[in-house]
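# Breakdown of the fold
One letter stands for each residue in the lines below.
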Amino acid sequence: MSQEPSSRRTFLKQSAVAGVAASQLAALAPASAYQSNERLRIGVIGPGRRGFGSHVKTLIKLRNEKGANLDIVGVNDVYSVHRDRAVDYIKEETGQAPKTYKDYRDLLNDKEIDAVCIATPDHWHAKQVLDALAAGKHVYCEKPMTHHISEAMDVVDAWKKSGKVVQVGVQSTSMPIWNEVRALVNDGKLGKIVQFQAESARNSLGGMSRHNVITKEMTPKTVDWKRWLGVEEGLAPDLPFDRATFGQWRCYWPFGYGMYSDLFVHRVTAMLKATGLKFPGRVVGGGGIFLEYDDREVTDVASILADFHEGVQGIVSSAMISSAVPIRHLIRGHHGNILFDKDVFGKRQAYEFIPERPQVTLNSKLKREEVVSQRVPNQDILHFENFLAAVKAGDPSLVNNSPELGAAAIMVVNLGVLSYRNGKVFQVDRESLEVKDGDKTWAANWEKMSKERSKPHHVPGWAAGDKGSILVPPKYQSLAGPWINGKAPENT
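Here the residue numbers are simple positions, counted from 1 along each chain's written sequence. It should be noted that, the model being predicted, local features are given only for residues of pLDDT at least 70 and side-chain atom pairs only at 80 or more, the latter also being counted only at that level, while totals for whole chains, interfaces and linings use all residues. Remark: hydrogens and water are excluded; side-chain values derive from all non-hydrogen atoms of the structure.

Here a cavity denotes a set of grid points, spaced 1 Å apart and computed over the protein atoms alone, in which a 1.4 Å probe fits but from which it cannot get out, and a pocket denotes an open set meeting protein on both sides within 12 Å along at least five of seven lines; residues with an atom within 4 Å of a point are reported as lining. Grid points are joined across faces, edges and corners, and a volume is the space filled by probe spheres set on the points. According to the stated counting rule, one finds two cavities of 30 Å³ or more in the structure shown. If you go around the second largest cavity, the residues you meet are Lys143, Pro144, Met145, Val168, Val170, Val265, Thr269, Asn401, Gly406, Ala409 and Ile410. By the criteria applied, helices consist of DSSP H or I runs no shorter than four residues and strands consist of E runs no shorter than two, each listed in order from the N terminus. If you list the elements that add at least two residues to the lining of the second largest cavity, you get α10 (259–275) and α13 (403–422). If you tally residues by element for the lining of the second largest cavity, the top one is α13, at three residues. Note on residue classes: Ala, Val, Leu, Ile, Met, Phe, Trp, Tyr, Cys and Pro are nonpolar, Asp, Glu, Lys and Arg are charged, and everything else, Gly too, is polar. Among the residues making up the lining of the second largest cavity, the classes are represented as seven nonpolar, three polar and one charged.

Following this line, the structure appears as structure tokens:
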């Protein structure tokens, strides 16, 4: 069904955030960071399952329990049941009833609103973020930042021009652990970085994303169906009303990409943050619907293989129908590895440094060690605190999940989707970020570097020189090479 509309367009090169800037290292905002003399007036677009449970309730908690100087003054949802629930909760918890809007554009036109939180289905994200920036609002948008790659680049461009704060809702990016590991990577602790791997496996009796409950209350009378689809905006085809499509939209390509956009974006974003990588150079995806034949379109098993221009490979692999033995989250280096705790995204933010053997590192002092990072009991709270701190400071670079990072994750994940659906390998030009069909130039480049005995490429922010990235060839290797004019290579 829906495909990336402009995968071949030439994108303007987006400037990468150099190194690990202090703005990207901000993880724990002080209690006063979101306190200001001026109240921040927030509108919520889409207070459904995530928008209500995370956005509305977290903002109210920050307001009532931590003294955040904010009010939720507007609510928009095409589903009247969700809209009314949010209004009742906000009024009960704050004593103030927010305005309601049937069309989110009316909310954006309200000059009394300073910022918006967006938690609509994926296919609406880009348009609503772009419209919000055009209206002069700060934005907190749930992941994935957009539904298509071209949309992600448009958001990055609009964000840079706007001067407004945009936080992408991968809440785990506010955990300090990723910046701690990034510092070890840049310092050469692991040597040359060569690979990362990640997963997000689940299993259930009813099927992936079917845990989103559909009810008899969902009818054409309570749901503005045409507006939800976005037919007039060209966001989705005109379809008959269906409760499963409405309530379990992640199972269908026009609205979401299943595990790719719901779960892989979380893992990929974290690994990009920990390594400093951004846009990929070559991506291929595989998988299929191997068990869940329940009218869904998205895969229940999937893998993405992403190679980066920096000479690093990323592997993301999961099954939504098997979870007892998950793949470990891991960063591999020539001299050592970072093995993340099995519950790193949950209750235990910790990792092990596991060195390679001394015969390779030439350093017998490298020992296996465990590091326990600062535990984050509530990622939603921390991520919203970071957003509010950036808004108060008027500094868009302070967010922990910027649109640039959001766009990089979108490109990795969405090219995996396009590869799976179209049976293609994709390559990304390093300078222009143009996406093209894969060809032999990718392999040829690495072979050329080998023939020229080049030095390895490194992740952005690398500050360790040749540490862990130079081979020490055995003495007999001097016997290798072509014979010139009848002379052995060792004599030439």
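What follows is about helix α2 (residues 49–66). The terminal C-alpha atoms of α2 lie 24 Å apart, and with 18 residues this matches the ideal 26 Å at 1.5 Å per residue to within 8%. Note on definitions: a residue-residue contact is assigned when non-hydrogen atoms from the two residues lie within 4.5 Å. In the core, the buried residues of α2 are packed alongside β1 (40–45), β2 (70–76), α3 (80–94), β4 (115–118), β5 (138–142) and α12 (379–393). Here the expected length of a helix is defined as 1.5 Å per residue gap, with one fewer gap than residues.

A word on the layout of surface pockets. With a probe scaled to a water molecule rolled over the atoms, the places where space remains empty come into view. For the second largest pocket, the calculated volume is near 450 Å³. Arg453, Ser454, Ser469, Ile470 and Leu471 are the residues nearest the centre of the second largest pocket, which is lined by 15 residues in total. Looking at the lining of the second largest pocket residue by residue, the classes come out as six nonpolar, six polar and three charged.

It is worth spelling out the sheet that holds strand β15 (residues 426–428) at this point. A strand pair is defined by DSSP finding two or more bridges across the two strands. Strand order in the open sheet formed by 10 strands is β14-β13-β12-β11-β7-β10-β9-β8-β15-β16, and the pairing between neighbours is mixed. Only two strands of the sheet have a single neighbouring strand rather than two, namely β14 (369–372) and β16 (435–437). In this sheet, adjacent strand axes meet at a mean angle of 20 degrees when their direction is disregarded. Taken together, the four bridges between strand β7 (residues 193–198) and strand β10 (residues 312–319) define a ladder with parallel strand orientation. When the bridges of β10 are listed, Ala198 appears paired with Val316. Interaxial angle, 0 to 180 degrees, is taken between N-to-C directions of lines fitted to C-alpha atoms, where a helix line uses only the stretch in contact.

Read from one edge of the open sheet, six strands run β3-β2-β1-β4-β5-β6, paired in parallel fashion. The open sheet is flanked by β3 (99–101) and β6 (166–169), the only strands paired with a single partner. The mean angle between the axes of side-by-side strands here comes to 20 degrees, regardless of whether they run parallel or antiparallel. Of the pairings in the sheet, the one linking β2 to β3 comprises three bridges and is parallel in character. What sits directly across from Gly74, in β3, is Lys99. Its contacts with the sheet place α3 against β2 and β3, and it is angled at close to 160 degrees to β2.

In an α-helix, one full turn covers 3.6 residues, which means residues spaced three or four apart are oriented alike. Per-residue accessibility, obtained with a 1.4 Å probe over protein chains only, is compared with the maximum for each type, and a residue is labelled buried under 20%, exposed over 50%, and partly exposed between these values. Of the residues making up helix α5 (residues 122–134), those classed as buried are Asp122, His123, Trp124, His125, Ala126, Gln128, Val129, Ala132 and Leu133. Two residues or fewer past α5, Gly136 is found with a positive phi of approximately 80 degrees.

We now examine the side chain of Asn400. Among the structural elements, Asn400 can be located in the loop between α12 and α13. Given a relative accessible area of 0%, Asn400 falls into the buried group. For Asn400, the side chain forms a polar contact with the side chain of Ser174, separated by 2.9 Å. What qualifies as a polar contact is a pair of N or O atoms within 3.5 Å, subject to a donor-acceptor requirement within protein and to the restriction that residues adjacent in sequence count only when both atoms come from side chains.

The residues that make up patches have over 30% relative accessible area and no salt bridge, and they are joined within 9 Å when like-charged or within 5 Å when they are Val, Leu, Ile, Met, Phe, Trp or Tyr. Note on areas: Shrake-Rupley with a 1.4 Å probe; residue coverage comes only from the protein chains shown. We define a salt bridge as a contact between a side-chain nitrogen of Lys or Arg and a carboxyl oxygen of Asp or Glu at a distance within 4 Å. Positive: Lys, Arg. Negative: Asp, Glu. His and the chain ends are not part of the count. For this purpose, a charge sits on NZ of Lys, CZ of Arg, CG of Asp or CD of Glu. On the surface, Asp84, Asp88, Glu92 and Glu93 cluster together into a patch of negative charge. Mapped onto the fold, Asp88 is located in helix α3.

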